[in-house]
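Structure assessment
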2 protein chains.
Amino acid sequence: MRIALDAMGGDHGPAPNVGGAALALAANPDLTLVFVGDQGQLDPLLAAASLPAGRVEVVHAPQFVEMKEKPGEALRRKPGASIFRAWQLLAEGKVDGLVSAGNTGAVVAGGVVTRRFLKGVHRPGIATVMPTAKGRCVIMDVGANVFPKPRHLLQYGVMGSVFAKHILNIDRPSLGLMNVGEEEGKGHELVQKTFELFRSSTFTDRFVGNIEGRDIHRGAVDVVVTDGFTGNVVLKLSEGVLEFVVGLVNHEVIGSLQAEREQAQLALKGLLAKYHYSAVGGAPLLGVEGVCIICHGSSKDKAIASALGMAALDVRVKLNEKIVTELETLPGGDE
Amino acid sequence: MRIALDAMGGDHGPAPNVGGAALALAANPDLTLVFVGDQGQLDPLLAAASLPAGRVEVVHAPQFVEMKEKPGEALRRKPGASIFRAWQLLAEGKVDGLVSAGNTGAVVAGGVVTRRFLKGVHRPGIATVMPTAKGRCVIMDVGANVFPKPRHLLQYGVMGSVFAKHILNIDRPSLGLMNVGEEEGKGHELVQKTFELFRSSTFTDRFVGNIEGRDIHRGAVDVVVTDGFTGNVVLKLSEGVLEFVVGLVNHEVIGSLQAEREQAQLALKGLLAKYHYSAVGGAPLLGVEGVCIICHGSSKDKAIASALGMAALDVRVKLNEKIVTELETLPGGDE
């Protein structure tokens, strides 16, 4: 399979993209990578990395979207920027998927503008994987759609379930709706109406109902359904609290030790590396034709490699076909 | 001053309310407590606690609102329940404030039904204090108003600031608007319009703009303004991540130690006790006449005492008068 990599995307420029590519090519023998970016910058990096011959191509795109640029403006002013060029390759069928650590808004905008949605999909959304006390869960949406309609959230539940089943290998994933209390009737109109949609859907037996903020990391459900505003806050707040608590532990717990202080510091560093968002890799934009994985801007080699691996896996298991099939089971799913 | 205590409220019944009252009476010599609850249950507990004579009264209220009851139904079916009786005492001027660890929705509903709002206030909101890497911050609203209007959020910023200044002793508190990105124009219509309101208000020089989920615990601002849906998720998610990370540290860091394992476990327990929500005490419902502090249902003695202390302080510093004065500086603030 062929995956396009937005080689200029991310806070650290092309270096971690090239480094991540080397890891991913080694781990995925069926993978060919198309680097989309500035050829002058990429050529020496690619030469130094000595990537496997015949499995690497470069598509020259001299411009890229800055992290702080507004997506709409970037689309107008730089239609040939690396991320938009990558979407174009996907639209032309020249690649099966794309991976970008660039401006998230631009990645989503590129997808919405360039590609058609999957059959039956009203709006694409971003799914992300979070660690829990029981393993992992999927949260959808975390920022593509900040003011969704109930039917969007219903589809996010379905798409998140298909992802949880085929990528995280969770059989019959349970679904929960992010809310301010467990009781039916809680929250605003969006969640009240979404609750009713789930209850009357073919997914009703997997829908556990409303969940609260504290339930996510307890592992109460496999798929958390929420609007992109709340989901984005959940994602970034989880990062913030993790960093905060690790700082407290370092100061108030490990700081009180003597003999085993160094050992404990090392273990804490390992824990942070394991659970930190930068280690997770990537978040798929689900609901568009082709595979699109969005990485954190601060991604290093390992995170890029993990995102490329996820893109390859999504293609391999034909995730999109399975999403379309599941959406067809919803009443009115293809309207 | 006189504070009513919803003596039946909370997951643990009257015992922690009586225990917390004893601590609060010792710490606040100017405090008189009015226990509102079932006299038959309270009398032996109060006798056993040997509280200072003349500073304790009981108002008999045989019913109370269960934690899972719907507030609206409870209001109709049990108008004499302890929390509504406490609001009535406040409305009649027989107490200066009330504290409850009962059903939060019922506490808010009681306030909205029984009491008038402070001059100029459109909607009351719940403020809560969260620990940060730099000290503490105030988040408002965390659940009273899940679908607010921009003018509500503007007032939450003002009320949260007054609270931060006079209760947390933060001079000229900075304000941030919870959003999905820092750039102006991010998010949905509610936050976009609220952003404009802050920019054109008398608080513009203290308004730092949009903040993201990860900024809260870094201590980026002193007051976080958000809708009650997002704020409630923020509050409960923070609890959940704290518990999750403490669990990980216990297993993956402390579990690897030998000689100093016990010492580290003790320090971690201390950290959890210090930063856990159950230690925070209470969250004020701001914008109503009189003082109202809402406690977590799981509150034990210390948390109840801390909430009673906060109620006493709110009365002492005349927090409501200061809120009204600040709201008058907003254009159209008293409409």
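Residues numbered from 1 in each chain as written. Chains lettered and ligands numbered in written order. Predicted model: local features only at pLDDT ≥ 70, side-chain atom pairs only at ≥ 80, totals over all residues. Heavy atoms only, no water.

A short note on the overall build of chain A
The helix and strand inventory of chain A stands at 12 helices and 11 strands. In terms of overall size, chain A behaves like a compact globule, its C-alpha atoms giving a radius of gyration of 20 Å where 335 residues would be expected to give roughly 20 Å. Each of the three principal axes of chain A carries a C-alpha extent, and together these read 65 × 60 × 35 Å. Taken across its 335 residues, chain A has 60% of its residues classed as buried. For chain A, long-range pairs separated by at least 24 residues make up 70% of all intrachain contacts whose partners lie at least 6 apart in sequence. For chain A, the accessible surface area stands at approximately 12800 Å², while carbon and sulfur atoms represent 52% of it. (Helix = DSSP H or I, 4+ residues; strand = E, 2+ residues; numbered from the N terminus. Rg over C-alpha atoms; globule rule 2.2 N^0.38 Å. Buried < 20%, exposed > 50% of the residue type's maximum accessible area, 1.4 Å probe, protein only. Contact = heavy atoms within 4.5 Å. Areas by Shrake-Rupley, 256 points an atom, 1.4 Å probe, with all protein chains shown as cover.)

Here we look at helix α7 (residues 189-199) of chain B
Residue and element names in this part refer to chain B. Among all positions in α7, only L190, V191, T194, F195 and F198 are buried. Projected down its long axis, α7 carries its buried residues within an arc of 130°, all on one side. Across from the buried face of α7, at angles greater than 90 degrees, the exposed residues are E189 and E196. (Arc of directions from axis to C-beta.)

Quick word on the relation of the copies chain A and chain B
Take chain A, turn it by 180°, move it 0.0 Å along the axis, and it overlays chain B with an RMSD of 0.0 Å. Such a turn and shift between the copies fits a two-fold axis. The share of interface residues of chain A whose copies in chain B are also at the interface is 100%, consistent with both copies meeting through the same surface. (Least-squares fit on C-alpha atoms with pLDDT ≥ 70 in both.)

Some details on the interface of chain A and chain B
Facing the 59 residues of chain A at the interface are 59 residues of chain B. In total, chain A and chain B occlude about 5100 Å² of area from one another, counting both sides; carbon and sulfur atoms represent 67% of this. One salt bridge in this structure joins B:R218 and A:E243, with 3.4 Å as the shortest N-O distance. The interface formed by chain A and chain B contains 23 residue pairs in polar contact (both at pLDDT 80 or more). Broken down by secondary-structure element, the contributors of at least two residues to the side of chain A that touches chain B are β5 (125-132), α8 (228-253) and α9 (261-275) of chain A. (Buried area = accessible area lost by both parts, 1.4 Å probe. Salt bridge = Lys/Arg side-chain N within 4 Å of Asp/Glu carboxyl O. Polar contact = N/O pair within 3.5 Å; in protein donor to acceptor, adjacent residues only side chain to side chain.)

Comments concerning the pairing of strand β6 (residues 135-140) of chain B
Residue and element names in this part refer to chain B. The pairing of strand β5 (residues 125-132) with β6 spans 6 bridges and is antiparallel. From the neighbouring strand, P131 faces β6, where its bridge partner is R136. Between β5 and β6, which pair antiparallel in sequence order, lie 2 residues. With 3 bridges connecting them, β6 and strand β9 (residues 223-225) associate as parallel partners. Note on β9: the bridge partner recorded for M140 is V225. (Pairing = 2+ DSSP bridges.)

Here we look at the sheet that holds strand β3 (residues 56-60) of chain A
Residues and elements named next belong to chain A. Across the sheet, 11 strands lie side by side as β3-β2-β1-β4-β11-β10-β5-β6-β9-β7-β8; this open sheet has mixed pairing. Two strands in the sheet have a free side with no partner beyond their single neighbour: β3 and β8 (207-211). Adjacent strand axes in the sheet meet at a mean angle of 25° when their direction is disregarded. Bridging between strand β2 (residues 32-37) and β3 involves 5 bridges; their strand directions are parallel. By the bridge assignment, V36 is partnered in β3 with V59. (Axes fitted to C-alpha atoms, helices over the stretch in contact; angles between N-to-C directions.)

What about the sheet that holds strand β10 (residues 283-286) of chain B?
Residue and element names in this part refer to chain B. With mixed pairing, the 11 strands of this open sheet are ordered in space as β3-β2-β1-β4-β11-β10-β5-β6-β9-β7-β8. Two strands lie at the open edges of the sheet, namely β3 (56-60) and β8 (207-211), each paired on one side alone. Strand-to-strand twist in this sheet, taken as the mean axis angle between neighbours without regard to direction, amounts to 25°.

Re the nonpolar core
Among the nonpolar cores identified, the biggest contains 228 residues, and A:F35, A:I216, B:F35 and B:I216 are the most heavily contacted of them. Setting aside anything within four residues of it in sequence, one finds B:F35 in contact with B:L5, B:A7, B:N17, B:V18, B:A21, B:L42, B:L46, B:L51, B:V56, B:E57, B:V58 and B:V59. (Core = buried A, V, L, I, M, F, W, Y, C linked by side-chain atoms within 4.5 Å.)

Digging into the domain arrangement of chain A
Residues and elements named next belong to chain A. Annotation of chain A at the domain level lists domain 1 (1-120 + 287-318) and domain 2 (122-279). Centre-to-centre, using C-alpha coordinates, domain 1 lies 26 Å away from domain 2. The contact between domain 1 and domain 2 buries some 1100 Å² in all, and 71% of this surface belongs to carbon and sulfur atoms. Where domain 1 meets domain 2, there are 0 salt bridges. Of all the secondary structure elements, the ones that give two or more residues to the side of domain 1 that touches domain 2 are α5 (104-114) and α11 (301-316). Looking at the side of domain 1 that touches domain 2 element by element, the count peaks at 4 residues for α11. Residues of the side of domain 1 that touches domain 2, tallied by class, amount to 9 nonpolar, 5 polar and 1 charged. (Domains from an automatic or database assignment. Nonpolar A, V, L, I, M, F, W, Y, C, P; charged D, E, K, R; others polar.)

So, the pattern of salt bridges
For the structure on display, the rule yields 34 salt bridges over all chains. Here B:R2 and B:E57 are joined by a salt bridge, their closest N and O atoms 2.7 Å apart. Placement of B:R2 in strand β1 (residues 2-6) and of B:E57 in strand β3 is noted, with a sequence separation of 55 residues between them. What makes B:R2 partly exposed here is its relative accessible area of 28%. B:E183 is the salt-bridge partner of B:K186, the closest N and O atoms lying 3.9 Å from each other. For B:K186, a relative accessible area of 30% gives the class partly exposed. Shared partners join several salt bridges into a network, and the residues in it are A:K68, B:E182, B:E183 and B:K186.

Some details on the pairing of β8(B)
Residues and elements named next belong to chain B. Most of β8 is tucked away, with 4 of its 5 residues classed as buried. As paired elements, strand β7 (residues 175-178) and β8 share 4 bridges and run parallel to each other. Pairing of L177 across the sheet is with N210, part of β8. Between β7 and its parallel partner β8, the chain crosses via α7, and the hand of that crossover is right-handed. (Right-handed = clockwise from strand over helix to strand, strands pointing away.)

Remarks on the packing of aromatic side chains
Residue and element names in this part refer to chain A. Under the counting rule described, the total for this entry stands at 6 aromatic pairs over all chains. Ring centres of F195 and F207 lie 5.4 Å apart, and the angle between their planes is 75°; this geometry places the pair in the edge-to-face category. Taken as a pair, F195 in helix α7 (residues 189-199) and F207 in strand β8 lie far apart in primary sequence, 12 residues in all. Across the pair, exposure class does not vary: F195 and F207 are buried alike. (Phe/Tyr/Trp six-rings, centres within 6.5 Å; stacked < 30°, edge-to-face > 60°.)

Here's the deal with the packing of α9(A) against helix α8 (residues 228-253) of chain B
Remark: α9(A) packs on α8(B), axes separated minimally by 10 Å, with the N-to-C direction vectors making an angle of 130°. Here α9(A) lies oblique to α8(B), going by the angle between them. Along this stretch, α9(A) crosses α8(B), giving a crossing that reads as right-handed. Only B:F244, B:L248, B:V249, B:E252 and B:V253 of α8(B) make contact with α9(A), whose side of the interface consists of A:A264, A:A267, A:L268, A:L271, A:K274 and A:Y275. When grouped by side-chain class, the residues that make up the contact of α9(A) with α8(B) number 9 nonpolar, no polar and 2 charged. (Parallel < 35°, antiparallel > 145°, perpendicular 65-115°, else oblique. Left-handed = near helix turned anticlockwise from the far one by under 90°.)

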